[in-house]
Amino acid sequence: MVERAGLIDGMPFILADDGSYDRDLNRFFRACPGMGARSPNTWRSYARDILVWARFLGERRGGKTVWRADRHDVLAFHRARRLSDAAFRISAASWNRSVAALDKLYRWAIEEGIITTSPFSYGVTLRRAAGTHAVLAVAMNRSRERAARRHDMRYIDLGRYLLFRDVGLRGRLPNGSEDPTWRGRNGERNALLAELLVTTGLRLTEGGSLLLADLSRATDAGSRSVPFDLPGPISKGGRPRRIRIPRRVLALINGYIDLERAVSSARSEPLVSDPLWLAPDGTKVGDAAGKRVRLDRLTPGERRRVLIGAPGKAQHALLWLTEGGQPVPSATWEAAFRRACARCRRFGIDVDVTPHTLRHTFAVNMLSMLIREQIGAVFDPQDRHGAAYRRILGDPLQKLQHLLGHASVTSTYIYLDSLAEAQELVEAAADRWAEETTGDVE
């Protein structure tokens, strides 16, 4: 019934305070996957921004609906969100994010014939097409603020990460000893997920959707890291990519599978109404009708339905399980990270870490290491045309782009700014270069 209604697992649905709903507004969310917005996180972000806008119109603009809004409402919304007192004022980046969500909504509504004009006004700007000399005229929403930072990227250095992992998630004392008052649960499991994210750059949805059968195919004898092909359906934008998992992290995961996970999976039967059963070859699943599908075609929601074993003796095939043997929800991971940060602050360790912070931490440090590997091989003091500089930055950036799964290398450029801010990384690279070039100049 849910599938016939066009609903997708994780897709938002907005209800009014009286329980009624706007059919067209919720139809917009169902159209998002066809407009390039395929991530559940993106849908939830759109839903939050649209909900704030709808409540503003209803409470502050005479009970208007989103379909009756005009440019005067947009100006009033800007005053309330960007020009109010500091305690209530949002950042320019947050404002631009909400404008992007609403702009997508109204462009779709015009195409669908729901409205004839958008409440936003537009101007035309000229942009050079990537990789060409062609200049394109692009319509720009005038409500966007040019002064906004294009990226708000947070990361932590490795020393503070280790404190967050051991003190916050594992419940140890800052000196590394056991804390006899620690009453937290699943600390080792949570710390292991954090280790996976920070060493691979995986997003939470990606790392949290891994199956046991996925890891069984990750092998590479004689290397410190193991290549792993991340399936497109669990990646942002549906783009598959190859990552590398440190062998030591795989060993820790195998230990978790053999002990903590084995105990959890034995505690209760899976609660799945329409299970997908893993085939003996470990590469496909079958439903009740006998139809088989390859594992690499399953979405995160479908992966939560995959079972191994036999009816009556089954267990979930997902890697990460709760104490009761059920898949760990994303909200549980996020709550565990918040509690870990709060625990660290009680010990005077000021950290603010989310699962996505660890992805950024991986990216900043990986870019630094890639540049260090590249710099000695390609730098030529006689180069007067910048070819070496482009190779030094371009090649590592492209490698990092592939590791992170960015659609465009321009998304990866934010980490260059972080290298400039993380002075210790820049100094380390310069010191290594100075050491390797000692004696070259008389």
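Residues numbered from 1 in each chain as written. Predicted model: local features only at pLDDT ≥ 70, side-chain atom pairs only at ≥ 80, totals over all residues. Heavy atoms only, no water.

### Topic: the overall build of the protein
The cut-off we apply is this: The way it works is that DSSP assigns letters per residue, a run of H or I at least four long becomes a helix, a run of E at least two long becomes a strand, and they are numbered from the N terminus. The buried label goes to any residue with under 20% of its type's maximum accessible area, the exposed label to any with over 50%, and the partly exposed label to all in between, with areas taken from a 1.4 Å probe on protein chains only. Should any heavy atoms of two residues lie within 4.5 Å, those residues are counted as being in contact.
Within the protein, the secondary structure is distributed over 15 helices and 9 strands. Across the 442 residues that make up the protein, the buried fraction comes to 41%. Intrachain contacts of the protein at a sequence separation of at least 6 include 58% that bridge at least 24 residues.

### Structural notes on the sheet that holds strand β6 (residues 284-286)
Formally: Criterion used throughout: strands pair if DSSP finds at least two bridges between them.
With mixed pairing, the 5 strands of this open sheet are ordered in space as β7-β6-β5-β8-β9. Looking at which strands have only one partner, the edges of the open sheet turn out to be β7 (292-294) and β9 (315-316). Here strand β5 (residues 276-278) runs beside strand β8 (residues 306-308); their pairing, made up of 2 bridges, is parallel. From the neighbouring strand, leucine 276 faces β8, where its bridge partner is valine 306.

### With respect to the packing of helix α2 (residues 40-60) against helix α4 (residues 92-111)
A pair of packed helices can be characterised by two numbers: the angle between their axes and the separation between those axes. Heads up, the rule is: For helices, the fitted axis covers only the stretch in contact; all axes are lines through C-alpha atoms, and the angles between them, taken along N-to-C directions, range from 0 to 180 degrees. When an angle is under 35 degrees it counts as roughly parallel; over 145 it counts as roughly antiparallel; between 65 and 115 it counts as roughly perpendicular; any other value is oblique. Classification used: nonpolar for Ala, Val, Leu, Ile, Met, Phe, Trp, Tyr, Cys and Pro, charged for Asp, Glu, Lys and Arg, polar for all others including Gly.
Packing of α2 against α4 leaves a shortest axis separation of 9 Å and a crossing angle of 90°. When the axes of α2 and α4 are compared, the pair comes out roughly perpendicular. Two secondary-structure elements touch here, α2 through Ser45, Tyr46, Asp49, Ile50 and Trp53 and α4 through Arg97, Ser98, Ala101, Leu102, Lys104, Leu105 and Tyr106. Classifying every residue of the contact of α2 with α4 by side-chain character gives 7 nonpolar, 2 polar and 3 charged.

### Considerations on helix α3 (residues 71-82)
The cut-off we apply is this: One less than the residue count of a helix, multiplied by 1.5 Å, gives the span that helix is expected to have. Polar contact criterion, stated in full: a pair of N or O atoms within 3.5 Å, where within protein one must be able to donate a hydrogen and the other to accept it, and residues adjacent in sequence count only if both atoms are side-chain atoms.
A rise of 1.5 Å per residue sets the reference length of α3, with its 12 residues, at 16 Å; its end C-alpha atoms lie 16 Å apart and thus fit the reference within 8%. Turning to α3, its buried residues number three or more, namely Asp73, Val74, Ala76, Phe77 and Arg82. Along its buried surface, α3 packs onto α2 and α4. The opening residue of α3, the one whose side-chain oxygen lies 3.0 Å from the backbone nitrogen of histidine 72, is aspartate 70.

### Section: helix α1 (residues 23-31)
What counts here: As used here, the arc is the angular range of directions from the helix axis to the C-beta atoms.
The set of residues buried in α1 consists of Leu25, Asn26, Phe28 and Phe29. Projected down its long axis, α1 shows its buried positions confined to an angular sector of 135°, all on one face. In this structure, the buried side of α1 is in contact with α2 and α4. At the N-terminal end of α1, a side-chain oxygen is found 3.0 Å from the backbone nitrogen of aspartate 24, two or three residues along, and the residue is aspartate 22.

### Some details on the side chain of arginine 82
Inspection of the secondary structure puts arginine 82 in helix α3. In terms of polar contacts, arginine 82 uses its side chain to reach the side chain of glutamate 145, at 2.9 Å. Not counting chain neighbours up to four residues away, the residues in contact with arginine 82 comprise Arg89, Ile90, Ser91, Ala92, Trp95 and Glu145.

### Observations regarding the layout of surface pockets
Here is the rule: Residues are called lining when one of their atoms sits within 4 Å of a cavity or pocket point, these points coming from a 1 Å grid over the protein atoms alone, where a cavity is a set in which a 1.4 Å probe fits but cannot get out and a pocket is an open set with protein on both sides within 12 Å along at least five of seven lines. Grid points are joined across faces, edges and corners, and a volume is the space filled by probe spheres set on the points.
Taken as a whole, the second largest pocket spans an internal volume of roughly 820 Å³. Lining the second largest pocket are 23 residues, with Thr199, Pro246, Phe362, Met366 and Met369 positioned closest to its centre. Those elements that provide at least two residues to the lining of the second largest pocket are α5 (158-169), α6 (187-200), β4 (241-246) and α12 (355-378). No other element matches α12, which puts 7 residues into the lining of the second largest pocket. Here the lining of the second largest pocket is composed, by residue class, of 11 nonpolar, 5 polar and 7 charged.

### Considerations on the packing of α2 against α3
Across the interface, α2 lies against α3 with an axial gap of 11 Å and an inter-helix angle of 105°. In terms of orientation, α2 lies roughly perpendicular with respect to α3. On α3, the residues touching Val52, Trp53, Phe56, Leu57 and Arg60 of α2 are Asp73, Val74, Ala76, Phe77, Ala80 and Arg81. Classifying every residue of the contact of α2 with α3 gives 8 nonpolar, no polar and 3 charged.

### Concerning the packing of aromatic side chains
The relative placement of two aromatic rings is captured by the distance of their centres and the angle of their planes. Defined as follows: Here a pair means two rings of Phe, Tyr or Trp (six-membered ring of Trp) with centres within 6.5 Å. Their orientation is stacked below 30 degrees between planes, edge-to-face above 60, and tilted elsewhere.
Evaluated as defined, the whole model comprises 13 aromatic pairs. Ring centres of phenylalanine 13 and tyrosine 21 lie 5.3 Å apart, and the angle between their planes is 50°; this geometry places the pair in the tilted category. Take phenylalanine 13: its relative accessible area is 43%, and that puts it in the partly exposed class. Where tryptophan 67 meets tyrosine 106, the ring centres are 6.3 Å apart and the plane angle is 90°; that geometry is what we call edge-to-face. Here tyrosine 106 lies in helix α4 and tryptophan 67 lies in the loop between α2 and α3, a separation of 39 residues in the sequence. A residue is classified by how much of its surface remains accessible, and tyrosine 106, at 1% relative accessible area, is buried. Each member of the aromatic cluster is reached from another via a ring pair, and the members are Phe28, Phe29, Tyr46 and Trp108.

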